[in-house]
Amino acid sequence: MTVPGGRWVEVGAQVRFEDRAWQVTGLADGRVHLVAGDGASACVLAARLVAAPGFAVIGNTGRERSRA
């Protein structure tokens, strides 16, 4: 899922949401599954995640992304 700024949310990506850093652990049915460094977990609607104040993709998996 591509977000503003040309970055994308995919399994393994690091995101900032609600003033915390999270790792994306799953994408299913319009929801994004997240785990924080302290073990906390969350499941958020993708639309809510990317529209949240302060949301940012702060790291991707490093895999090359096709522009097709």
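Now for a description of the structure that goes with this document. These figures come from a predicted structure and were not determined experimentally.

With respect to the pairing of strand β2 (residues 20–28)
Then comes step 1: Alignment of strand β1 (residues 14–17) against β2, held across four bridges, turns out to be antiparallel. Paired with Phe17 across the strands is Arg20, a residue of β2.
Then comes step 2: In textbook terms, the turn of a hairpin is the stretch between consecutive antiparallel strands, and for β1 and β2 this stretch comprises two residues, one of which, Glu18, has a positive phi near 50 degrees.
Then comes step 3: Both β2 and strand β3 (residues 31–36) contribute to a ladder of six bridges, which runs antiparallel. Each residue of the ladder has a partner; that of Trp22, found in β3, is Ala36.
Then comes step 4: Counting the residues between successive antiparallel strands, the hairpin from β2 to β3 contains two residues, one of them, Asp29, with a positive phi of roughly 50 degrees.

Overview of the packing of aromatic side chains
Then comes step 1: The final tally for this structure, using the stated rule, is zero aromatic pairs.
Then comes step 2: The ring of Trp22 carries Arg20 above its face, with NZ or CZ at 4.8 Å from the centroid.

Side note on unusual backbone geometry
Then comes step 1: Even without a glycine there, the phi angle at Asp19 is positive, about 60 degrees.
Then comes step 2: Following the sequence through the fold, Asp19 ends up in the loop between β1 and β2.
Then comes step 3: With a relative accessible area of 75%, Asp19 lands in the exposed category.
Then comes step 4: One non-glycine residue with positive phi stands out, namely Asp29, at about 50 degrees.
Then comes step 5: Mapping Asp29 onto the fold places it in the loop between β2 and β3.
Then comes step 6: Among the residues examined, Asp29 registers a relative accessible area of 73% and is labelled exposed.

So, the sheet that holds strand β4 (residues 41–45)
Then comes step 1: In spatial order, the strands read β4-β3-β2-β1-β5; together these five strands make up an open sheet with antiparallel pairing. What marks the edges here is a single partner per strand, and that holds for β4 and β5 (56–59). Taken pair by pair, the neighbouring strands of this sheet meet at an average axis angle of 40 degrees, ignoring direction.

Definitions and cut-offs
- Residues numbered from 1 in each chain as written.
- Predicted model: local features only at pLDDT ≥ 70, side-chain atom pairs only at ≥ 80, totals over all residues.
- Heavy atoms only, no water.
- Pairing = 2+ DSSP bridges.
- Helix = DSSP H or I, 4+ residues; strand = E, 2+ residues; numbered from the N terminus.
- Phe/Tyr/Trp six-rings, centres within 6.5 Å; stacked < 30°, edge-to-face > 60°.
- Lys NZ or Arg CZ within 6 Å of the ring centre and 35° of its normal.
- Buried < 20%, exposed > 50% of the residue type's maximum accessible area, 1.4 Å probe, protein only.
- Axes fitted to C-alpha atoms, helices over the stretch in contact; angles between N-to-C directions.

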